[in-house]
Amino acid sequence: MPAHVSSLQLIGMAALTLATVAWAAVVTRLLRRNRREALAWHAARALPAFPHPSEPAPPREAVELTPAEQDAFAGLVRRLSGR
């Protein structure tokens, strides 16, 4: 024990260190518990605007363009691309 430090100061420092460790442990536990609860809440809450992933996607559709439509589309692409 250093000569210039009283025993009350050492006891006070030990008490503060113990309180800091206990506070950190409690805060860490609360944050972990709240995070689990928040994740469970978000997972349980469904967004009604979006379909559920288990629903099948609609079938793909394809349409054949006539040569005149293909030329018109190519002209549109050239005009929009700036060429």
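Our subject is the structure listed above.
What comes next concerns the included structure. Nothing here was measured: the structure is a model prediction, and the numbers come from that model.

1. Side note on the overall build of the protein chain
Within the protein chain, the regular secondary structure consists of 2 helices and 0 strands. Each of the 83 residues in the protein chain was classed as buried or not, and the buried ones make up 0%. Working note: accessible area of the protein chain is about 8400 Å², and carbon and sulfur atoms make up 65% of it.

2. Let's talk about helix H2 (residues 67-81)
Helix length check: H2, at 15 residues, gives a terminal C-alpha distance of 21 Å against a target of 21 Å (1.5 Å per residue), a fit within 8%. Downstream of H2 by a residue or two, Gly 82 has a phi angle that is positive, lying close to 95°.

3. A word on a nonpolar patch on the surface
The grouping of Val 63, Leu 65, Phe 73, Leu 76, Val 77 and Leu 80 at the surface amounts to a nonpolar patch, some 610 Å² of accessible area in total. Looking at where Leu 65 falls in the secondary structure, it is placed in the loop between helix H1 (7-44) and H2.

About the thresholds
Residues numbered from 1 in each chain as written. Predicted model: local features only at pLDDT ≥ 70, side-chain atom pairs only at ≥ 80, totals over all residues. Heavy atoms only, no water. Helix = DSSP H or I, 4+ residues; strand = E, 2+ residues; numbered from the N terminus. Buried < 20%, exposed > 50% of the residue type's maximum accessible area, 1.4 Å probe, protein only. Areas by Shrake-Rupley, 256 points an atom, 1.4 Å probe, with all protein chains shown as cover. Expected span 1.5 Å × (residues − 1). Patch = residues over 30% accessible without salt bridge, like charges linked within 9 Å, V, L, I, M, F, W, Y side chains within 5 Å. Salt bridge = Lys/Arg side-chain N within 4 Å of Asp/Glu carboxyl O.

So yeah, pure geometry; function would need other evidence.
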